Amino acid sequence: MHLKEGFKLHQLGNESIVVAEGDASLDYTSIISLNETGAYIWRNIIGKEFDAESITKLLIDEYDVDEATASDDAYAFVESLLEAELVNE
């Protein structure tokens with residue numbers, strides 16, 4: 001899967017948000033707020049194919065976290081992206 005075109009990550013002070021820009025803004029009116037880890041994942045998957053396993057690896061490489069926790073978090077993040085309709089499969 002990959003992130004849909006037209007969604008950009010912006011930093012507003014200490015907050016990271018994803019907003020639809022261009023044609024994507026015609027169909028998508030929500031703003032998604034990401035924590036530091038979510039923003040890290042977003043920056044590392046933009047323009048790339050990814051799945052929960054590749055996100056798990058990103059989390060393990062960046063944070064002091066065990067594989068089970070990283071995997072649970074990665075699957076939850078992917079599920080959030082799917083629910084928000086931010087990915088193409």
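Our subject is the structure that appears above.
Here we summarise the structure given alongside this text.

One turn of an α-helix holds 3.6 residues; hence residues three or four places apart share an orientation. Residues of helix 3 (residues 52-62) that are buried: A52, I55, T56, L58 and L59. One side of helix 3 carries all its buried residues, which in axial view fall inside an arc of 160°. Every exposed residue of helix 3 that faces more than 90 degrees away from the buried side is listed here: K57 and D61. Among the structural elements, helix 2 (36-45) and helix 4 (67-83) are those in contact with the buried residues of helix 3. If you check the start of helix 3, you find a side-chain oxygen 3.1 Å away from the backbone N of E53, and it comes from D51.

Another aspect to go through is the pattern of salt bridges. Scanning the entire structure with this criterion turns up 1 salt bridge. Across the pair K57 and D61 runs a salt bridge, and its minimum N-O distance is 2.8 Å. Here K57 and its partner D61 are both found in helix 3, 4 residues apart, which amounts to about one turn of the helix. For the pair formed by K57 and D61, the shared burial category is exposed.

Each value, and the rule that gives it
- Residues numbered from 1 in each chain as written.
- Predicted model: local features only at pLDDT ≥ 70, side-chain atom pairs only at ≥ 80, totals over all residues.
- Heavy atoms only, no water.
- Buried < 20%, exposed > 50% of the residue type's maximum accessible area, 1.4 Å probe, protein only.
- Helix = DSSP H or I, 4+ residues; strand = E, 2+ residues; numbered from the N terminus.
- Arc of directions from axis to C-beta.
- Contact = heavy atoms within 4.5 Å.
- Polar contact = N/O pair within 3.5 Å; in protein donor to acceptor, adjacent residues only side chain to side chain.
- Salt bridge = Lys/Arg side-chain N within 4 Å of Asp/Glu carboxyl O.

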